[in-house]
Amino acid sequence: MQHSNKIISILSKVPKNHHHHHRHPSSPLSSFQTFSLLVSNNPTITTIIQKSFFSSSTITTQQQQQQQQQHIKIVEVGPRDGLQNESIFIPTPTKINFINKLINAGCNNVEVTSFVSPKAIPALEDHSEVMSEIVTTWKKQKDDGREIILSSLVPNVKGLEKACEVGAMDEVAIFGSVSETFSKKNINCSVQESITRFHNVSKITQEKNIPLRGYISCVLGCPYEGNIKPSSVAKYAEQLLELGCHEISLGDTIGVGTPKATVEMLREVKTVADTKQIAVHFHDTYGQALANIYASITEEGISVVDSSVAGLGGCPYAKGASGNVATEDVIYMLHGMGMHTGIDLDQLIEAGLYISNVLGRPTRSKVALALSTKKG
């Protein structure tokens, strides 16, 4: 800005119609006329001036983008997406204690449970008891102004009704896939049938003013169909937005995505959705999750990331999808990038170690392992 202000200042002092070709042969050149001649006869100086004009505006734009990206919303999916795939049933009081630890650590967006049939996911058959207790526990802090969003998955109207019965009305989520085969195996219907099925859920959420989140599975690859076209993801995202979803979570269910594929997919989705409406949900099966999150944030401006403490979870219908990216690892990276999440890493690690001990296995978070070993 200093360069441009100086040049503007010089220009403003030049009399109108005072051009060098009108001057008397014996009169000296003004400073501006000298400047004009130099510029017109020297391409190098012209380039320098152009750079001085535009570099400052470019820097300003970059700074604005950094400020916009400063806060990253973390959606903690461990209690639902993490625990749904466990072979052992976690006692209800333990689940509740686990979720309370997460919220105490600063996780303000928590996917608490899934209101599905116990036959489909027996690990979450206590969904009503867990959600009811959590809603009650955090009611006062929410009333006092803390923005805590307790989310749950609802596959159909029946699930939505159960959620409403226990006051789970902060946000509900629907889930579908862009893969026909995966859709049939996961929710027992075709891709287009899933959209039709969601219409009834959407209608009720709009009547009750409940925010609706949409999940899309297999956005970067399917265990049955292989590669997925970015255009297919964008089309499905557009349909979910038309249903009234305020946010679309794009899930790499089998963890095959790379940064390049991630960016290409996100650019396609951004043709139908605002950047602020997009969340990313990466599994770390191939060790690509952090790289994909980094690319999503720095290259595409994404500011919502799903993750699971201790790297819990996977998908019971996607063989080999051995876990979500660990929230601890995501937080460590983001804080190292100077970004704000509102989450206390030490308390988060404690919550992850707590549930890992309950499950009888080490945490899958590299950061938690490194820091706990260091302290030990």
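Residues numbered from 1 in each chain as written. Predicted model: local features only at pLDDT ≥ 70, side-chain atom pairs only at ≥ 80, totals over all residues. Heavy atoms only, no water.

Visitor: Can you break down the environment of Asn-108 residue by residue, with the values?
Guide: Along the chain, Asn-108 falls in the loop between α5 (92-104) and β2 (109-114). Accessibility expressed as a relative area gives 25% for Asn-108, which makes it partly exposed. As for Asn-108 and Arg-146, which are separated by 38 residues in sequence, their C-alpha atoms are 8.3 Å apart. Discounting residues that sit within four places of it in the chain, Asn-108 has contacts with Arg-146, Glu-147, Ile-148 and Ile-149. (Helix = DSSP H or I, 4+ residues; strand = E, 2+ residues; numbered from the N terminus. Buried < 20%, exposed > 50% of the residue type's maximum accessible area, 1.4 Å probe, protein only. Contact = heavy atoms within 4.5 Å.)

Visitor: Could you give me a rundown of the pattern of salt bridges, with the residues and numbers involved?
Guide: For the structure shown, the criterion picks out 14 salt bridges. Between Arg-213 and Asp-306 there is a salt bridge; the shortest N-O distance is 2.8 Å. Taken together, the positions of Arg-213 in strand β5 (residues 212-217) and Asp-306 in strand β8 (residues 304-307) put the pair 93 residues apart, joining distant regions of the chain. Each member of the pair Arg-213 and Asp-306 is classed as buried. One salt-bridge network, held together by shared partners, links Lys-73, Arg-213, Glu-247 and Asp-306. (Salt bridge = Lys/Arg side-chain N within 4 Å of Asp/Glu carboxyl O.)

Visitor: Could you give an account of helix α9 (residues 180-187), with specific residues and numbers?
Guide: Burial in α9 covers these residues: Phe-182, Ser-183 and Ile-187. In an axial view of α9, the angular spread of the buried residues amounts to 100°, which keeps them on one side of the axis. Contacts made by the buried residues of α9 are with β4 (171-177), α10 (191-208) and β5. For α9, the capping residue at the N-terminal end is Ser-179, with a side-chain oxygen 3.1 Å from the backbone nitrogen of Phe-182. Backbone geometry just downstream of α9 places Asn-188 in the positive-phi region, at approximately 60°. (Arc of directions from axis to C-beta. Polar contact = N/O pair within 3.5 Å; in protein donor to acceptor, adjacent residues only side chain to side chain.)

Visitor: With reference to specific residues and values, describe helix α8 (residues 157-165).
Guide: Along α8, the residues classified as buried are Gly-159, Leu-160, Ala-163 and Cys-164. Down the axis, α8 shows its buried residues gathered within 140° of arc, on one side only. Across from the buried face of α8, at angles greater than 90 degrees, the exposed residues are Lys-158 and Glu-165. On its buried face, α8 is in contact with β3 (149-153), β4 and α10. N-capping of α8 is provided by Asn-156, with a side-chain oxygen placed 3.3 Å from the backbone N of Lys-158. Immediately beyond the C-terminal end of α8, within one or two residues, lies Gly-167, with a positive phi of roughly 80°.

Visitor: Got a sec to walk through the side chain of Ser-296? Specific residues and values, please.
Guide: Locating Ser-296 in the fold gives a position in helix α13 (residues 289-300). What makes Ser-296 buried here is its relative accessible area of 0%. What Ser-296 contacts, discounting residues up to four positions off in sequence, is Thr-262, Leu-266, Val-280, Phe-282, Gly-301 and Ile-302.

Visitor: I'd like a rundown of the packing of aromatic side chains, residues and numbers included.
Guide: Under the defined criterion, the tally for this structure stands at 1 aromatic pair. With a centroid separation of 6.4 Å and an interplanar angle of 40°, the aromatic rings of Phe-182 and Tyr-224 are classed as tilted. Taken together, the residues span a long stretch of sequence, with Phe-182 in helix α9 and Tyr-224 in the loop between β5 and α11 (230-242) at a distance of 42 residues. What makes Phe-182 buried here is its relative accessible area of 1%. What makes Tyr-224 partly exposed here is its relative accessible area of 39%. Over the aromatic face of Tyr-215 sits the side chain of Arg-80, whose NZ or CZ is 5.8 Å from the ring centroid. Here the guanidinium or amino end of Lys-101 rests over the ring plane of Tyr-354, the centre of that ring lying 5.1 Å away. (Phe/Tyr/Trp six-rings, centres within 6.5 Å; stacked < 30°, edge-to-face > 60°. Lys NZ or Arg CZ within 6 Å of the ring centre and 35° of its normal.)

Visitor: Residue-level account of the side chain of Thr-341, with values.
Guide: Here Thr-341 shows up in the loop between α14 (327-336) and α15 (345-359). The exposure class of Thr-341 is buried, given its relative accessible area of 7%. Reaching out from Thr-341, the side chain makes a polar contact with the side chain of His-335 at a distance of 2.7 Å. Here the side chain of Thr-341 touches Ile-343 through a polar contact of 3.2 Å, landing on its backbone nitrogen. Leave out the neighbours within four places in its chain, and Thr-341 touches His-71, Ile-72, Ile-74, Ile-331, Leu-334 and His-335.

Visitor: If you had to explain the confidence of the model for the protein chain to someone new, which residues and values would you point to?
Guide: Per-residue pLDDT for the protein chain averages 85, and the proportion of residues at 70 or more is 79%. Throughout residues 52-57 the model reports pLDDT below 50, and contacts reaching past four residues in sequence, or to other chains, amount to 5 contacts. (pLDDT = per-residue confidence, 0-100.)

Visitor: Let's hear about the nonpolar core: which residues, and what values?
Guide: Ranked by size, the top nonpolar core spans 86 residues in total, and within it Ile-134, Ile-174, Ile-216, Leu-240 and Leu-250 carry the most contacts. Broken down by element, the residue count for this core peaks at 6 residues, all from α15. Residues within four places of Leu-240 in sequence aside, it is in contact with Ile-174, Ile-195, Phe-198, Gly-214, Tyr-215, Ile-216, Cys-245 and Ile-248. Grouped together as the second largest cluster of nonpolar side chains are 10 residues, Val-75, Val-77, Ala-173 and Ala-279 included. (Core = buried A, V, L, I, M, F, W, Y, C linked by side-chain atoms within 4.5 Å.)

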